[in-house]
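# Structural description and commentary
Chain by chain, the residues:
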Amino acid sequence: MTERYKDDDLLTPEAVCKLLGGITQKTLADWNNKHRHKKTLAPIRFTAKIIRYEYKNVMAFKEKCRAVY
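In what follows, the accompanying structure is described. (Residues numbered from 1 in each chain as written. Predicted model: local features only at pLDDT ≥ 70, side-chain atom pairs only at ≥ 80, totals over all residues. Heavy atoms only, no water.)

### Examining the environment of glutamate 14
With respect to the element layout, glutamate 14 can be found in helix α1 (residues 13-19). Judged by its relative accessible area of 44%, glutamate 14 is partly exposed. Linking glutamate 14 and phenylalanine 46, residues 32 residues apart in sequence, is a C-alpha distance of 16 Å. Of the polar contacts made by the side chain of glutamate 14, one reaches the side chain of glutamine 25; its length is 3.2 Å. (Helix = DSSP H or I, 4+ residues; strand = E, 2+ residues; numbered from the N terminus. Buried < 20%, exposed > 50% of the residue type's maximum accessible area, 1.4 Å probe, protein only. Polar contact = N/O pair within 3.5 Å; in protein donor to acceptor, adjacent residues only side chain to side chain.)

### Re the sheet that holds strand β2 (residues 44-45)
The strand order β1-β3-β2 describes an open sheet built from three strands, whose pairing is antiparallel. Whereas interior strands pair on both sides, the edge strands pair on one side only; in this sheet they are β1 (10-11) and β2. Inspection of the sheet shows β1 paired to strand β3 (residues 51-54) by two bridges, in the antiparallel sense. The residue bridging leucine 10 from the neighbouring strand is glutamate 54, located in β3. Helix-sheet contacts for helix α4 (residues 55-64) involve β1 and β3, and the interaxial angle to β3 is about 70°. (Pairing = 2+ DSSP bridges. Contact = heavy atoms within 4.5 Å. Axes fitted to C-alpha atoms, helices over the stretch in contact; angles between N-to-C directions.)

### Topic: unusual backbone geometry
Here the phi dihedral of alanine 42 falls at roughly 40°; this positive angle occurs in a residue that is not glycine. Note that alanine 42 resides in the loop between α3 (38-41) and β2. By relative accessible area, alanine 42 is classed as partly exposed at 28%.

Structure follows, in structure tokens:
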């Protein structure tokens, strides 16, 4: 069953990892700090341990990262 999200839905890091192809949370954390499109991903930090991502930002990040051949 595929999850259906709205643009403003706040996603957990686990959900974002699934949407980005099954990456690990460590990779996601690295991308938040070092990736050239990290401003697009734009995590929302409520506390040091509670981080959420807007669905629309995750999809925009995924689109920017697509390679064009």
